[in-house]
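A closer look at the structure
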Amino acid sequence: MPDSCGSSLLQTSIGPLQLANPVLSASGTYGSGWEARDFSPLSRVGALVSKTVTVKPRHGNPPPRIAETPSGMLNSIGLENKGADYFLAETLPRMKTLCPRIVINIGGEAVDEFVELAERFCQAGVDALEVNLSCPNVQEGRLLFSTDARMCERAVAAVKRVANVPVFAKLSPNVTDIVSIAKGAEQGGADGITAINTLIGMAVDWRKRKPILGRGIGGLSGPAIKPVALRMVHEISRAVRIPVIGVGGARTAEDVLEFVCAGASAVEVGTAAFVDPAVLVGVVDDLARLLAGANTSIAELRGSLAAPIAAQASHAPTQGACPAPQRGAEGAASR
Ligand SMILES: Cc1cc2nc3c(=O)[nH]c(=O)nc-3n(C[C@H](O)[C@H](O)[C@H](O)COP(=O)(O)O)c2cc1C
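Here's a quick rundown of the structure. (Residues numbered from 1 in each chain as written. Predicted model: local features only at pLDDT ≥ 70, side-chain atom pairs only at ≥ 80, totals over all residues.)

Re the sheet that holds strand β4 (residues 48–49)
Here eight strands make up an open sheet; going across it, the order is β3-β18-β17-β12-β11-β8-β7-β4 and the pairing parallel. A single partner strand is all that each edge strand has here, and the edge strands are β3 (23–25) and β4. Bridge analysis of strand β11 (residues 167–171) against strand β12 (residues 192–195) gives four bridges, and the strand direction is parallel. Across the sheet, the residue bridging to F168 is G192, located in β12. (Pairing = 2+ DSSP bridges. Helix = DSSP H or I, 4+ residues; strand = E, 2+ residues; numbered from the N terminus.)

Laid out in structure tokens, this is it:
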């Protein structure tokens, strides 16, 4: 395989963060990268994104925590992790040996926790922070930060005040209007939006009359959610001025290019790594080949999706603030 890592066709930036290529690991699906280091040279991916780190250790949810579904999987890990002290002492130094760009995903149950984590990780020297807003805010009745534009804005603004690296706000798709939440994050000063986290779902064992997951519900990921993620990335990228990182069901270089065309500056690959832990580097190689073959680049392709026919024909709004439906999505749009 050619060393496509330095290819200028692949270069991208997420706000101030320059990347050799647009392929990132998705939080929580790759551990710290250390577990997968023997499968492929992770120095060749655009950036490694950590699992969510919280201030204190978390035991996570009761098992079973994973259920396979057609075209995807459900998980209810519950942000299990060993806490920031352990991560800073043990995990971060290892991650830094794997990849030149490290993004730390932080989670908190109060704005102060996000701030503490941001301060500590910035001091430790990381390339960017990804703020996992799918966390309950204990000061606001355990409402998720990601479900309210003002809460999202406040959390992001507090992190931005102390961070000396780019800050990306990771949004949940489990809302009525993700664009309004993205605008809240932008208002708070986010340098980029990561979209999307998992979709809430459920798997049932009817013989036992029980849900399969120990917690009952979990987050759906994998190819099943790609159309939802593409739609949200596109809507967000048209509504905000900051870059968008696409995530949700990407497995191949073709998938990555679809996200880029829809408006993403970079793409995280998650569940696909459970099937093939070497997938990220494979996607980087395939991307270089596809772009060269099509005589284009990530920079040129980004956001180049043609306006849908319906939007060209009429400026009539569809559902609230959402843009008109995409070509080929007529069935969904008519519901
Ligand atoms: C097992 C598992 C654990 C995850 N843990 C986290 C996490 O700790 N923090 C986070 O922000 N997202 C987490 N996610 C969500 C992913 O980062 C990603 O947003 C989602 O899985 C959609 O991408 P995919 O379809 O490529 O997996 C997790 C997903 C899975 C499948």
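Next comes the rest of the account.
Remarks on the site of the ligand
G28, T52, S221, G270 and T271 are the nearest of the 24 residues found near the ligand. A breakdown of the residues in the shell around the ligand according to their chemical character gives seven nonpolar, 15 polar and two charged. (Near = placed C-beta within 6 Å. Nonpolar A, V, L, I, M, F, W, Y, C, P; charged D, E, K, R; others polar.)

Comments concerning the environment of A47
When you line up the elements, A47 lands in the loop between β3 and β4. We classify A47 as buried; it has 25 C-beta atoms within 10 Å. The spacing of A47 and E268 is 221 residues in sequence and 9.1 Å in space, taken between C-alpha atoms. What A47 contacts, discounting residues up to four positions off in sequence, is L19, L24, C99, R101, I102, V103 and D127. (Buried ≥ 20, exposed ≤ 12 C-beta atoms within 10 Å, placed from the backbone. Contact = placed C-beta atoms within 7 Å.)

Some remarks on the pairing of strand β5 (residues 66–69)
Looking down a regular strand, the side chains alternate between one sheet face and the other. As judged from the four bridges shared by β5 and strand β6 (residues 72–75), these two strands associate in the antiparallel manner. Note that in β6 the partner of E68 across the bridge is M73. Joining the antiparallel neighbours β5 and β6 is a turn of two residues, in which S71 adopts a positive phi near 65 degrees.

Topic: the packing of helix α5 (residues 226–239) against helix α6 (residues 253–262)
Interhelical geometry of α5 versus α6 gives an angle of 25 degrees and a closest axis separation of 8 Å. By the angle class used here, α5 and α6 are roughly parallel. Every residue of α6 that contacts α5 at K226, L230, V233 and H234 is listed here: D255, E258, F259 and A262. Among the residues making up the contact of α5 with α6, the classes are represented as four nonpolar, one polar and three charged. (Axes fitted to C-alpha atoms, helices over the stretch in contact; angles between N-to-C directions. Parallel < 35°, antiparallel > 145°, perpendicular 65-115°, else oblique.)

Comments concerning the sheet that holds β6
Overall, antiparallel pairing links the four strands, which are arranged β5-β6-β16-β13 in an open sheet. At either margin of the open sheet sits one strand with a lone partner, and together these are β5 and β13 (199–202). Across the sheet, the mean angle separating the axes of adjacent strands is 40 degrees when strand polarity is ignored.

A closer look at the nonpolar core
L129, V131, I193, A195 and V267 are the most contacted members of the largest nonpolar core, which totals 92 residues. Broken down by element, the residue count for this core peaks at eight residues, all from helix α8 (residues 279–293). Those residues in contact with V267 that lie beyond four places of it in its chain are P22, V23, L24, G246, V247, A250, V256, F259 and V260. (Core = buried A, V, L, I, M, F, W, Y, C linked by C-beta atoms within 7 Å.)

Observations concerning the environment of A89
The topology assignment puts A89 in helix α1 (residues 83–98). You can call A89 exposed: it has 11 C-beta atoms within 10 Å. Considered as a pair, A89 and V138 are 49 residues apart in the sequence and their alpha carbons are 28 Å apart.

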